[in-house]
Amino acid sequence: MRRWRVVDTVYGKVPVPEIELRCPFCGSKLLLHQFFVQETGFLHVDIYMKCINCDWYTVFGVPITREEYNQLRQSPLHGKTINKEVALAIMSALDYTPEEIKKVEERIRALGYW
């Protein structure tokens, strides 16, 4: 995938950015929220990302190969809102600092997600 790659977590495969994505409003990191693959004349994945600080939310539509489509479509995480355990696994794989991880845990818990 262009500037994205498929990462295998203990919970299933997920798309993650090759580069660090940051919120245009507050500058904090973005975290995977959900993803859906689709075949509508071409293969693509819609990747929903959320700011870890201000909750800004955006969607990236990324063209993918048949192999990536199959990997993501078969993932147990396809179409699911990412939960605490999966988010922690993704943050660890992407080198989030302990402070950033703690901040995400506190915000998500306060919002009632976890």
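Because the structure is predicted, anything quoted here is derived from the model rather than measured.

Undergrad: Can you lay out the overall build of the protein chain for me, pointing to particular residues and giving the numbers?
TA: Helices and strands together make up the secondary structure of the protein chain, namely three helices and five strands. For the protein chain, the sequential pattern of α-helices and β-strands runs β-β-β-β-β-α-α-α. Seen through its principal axes, the protein chain has C-alpha atoms that stretch 40 × 30 × 25 Å. Buried residues in the protein chain amount to 44% of all 114 residues. Sequence-distant contacts, at least 24 apart, represent 50% of the contacts inside the protein chain between residues at least 6 apart.

Undergrad: How would you summarise the packing of aromatic side chains if you had to cite specific residues and measurements?
TA: This model, assessed by the stated rule, comprises four aromatic pairs. An angle of 55° between the planes, with centres 5.3 Å apart, marks the rings of W4 and F60 as tilted. Of this pair, W4 sits in strand β1 (residues 4-9) while F60 sits in strand β5 (residues 57-63), placing them 56 residues apart in sequence. On the basis of an interplanar angle of 70° and a centroid distance of 5.7 Å, the ring pair of F25 and W56 is categorised as edge-to-face. Taken together, the residues F25 in the loop between β2 (12-17) and β3 (30-39) and W56 in the loop between β4 (43-51) and β5 connect sequence positions 31 residues apart. The exposure class assigned to W56 is partly exposed, which follows from its relative accessible area of 26%.

Thresholds applied
- Residues numbered from 1 in each chain as written.
- Predicted model: local features only at pLDDT ≥ 70, side-chain atom pairs only at ≥ 80, totals over all residues.
- Heavy atoms only, no water.
- Helix = DSSP H or I, 4+ residues; strand = E, 2+ residues; numbered from the N terminus.
- Buried < 20%, exposed > 50% of the residue type's maximum accessible area, 1.4 Å probe, protein only.
- Contact = heavy atoms within 4.5 Å.
- Phe/Tyr/Trp six-rings, centres within 6.5 Å; stacked < 30°, edge-to-face > 60°.

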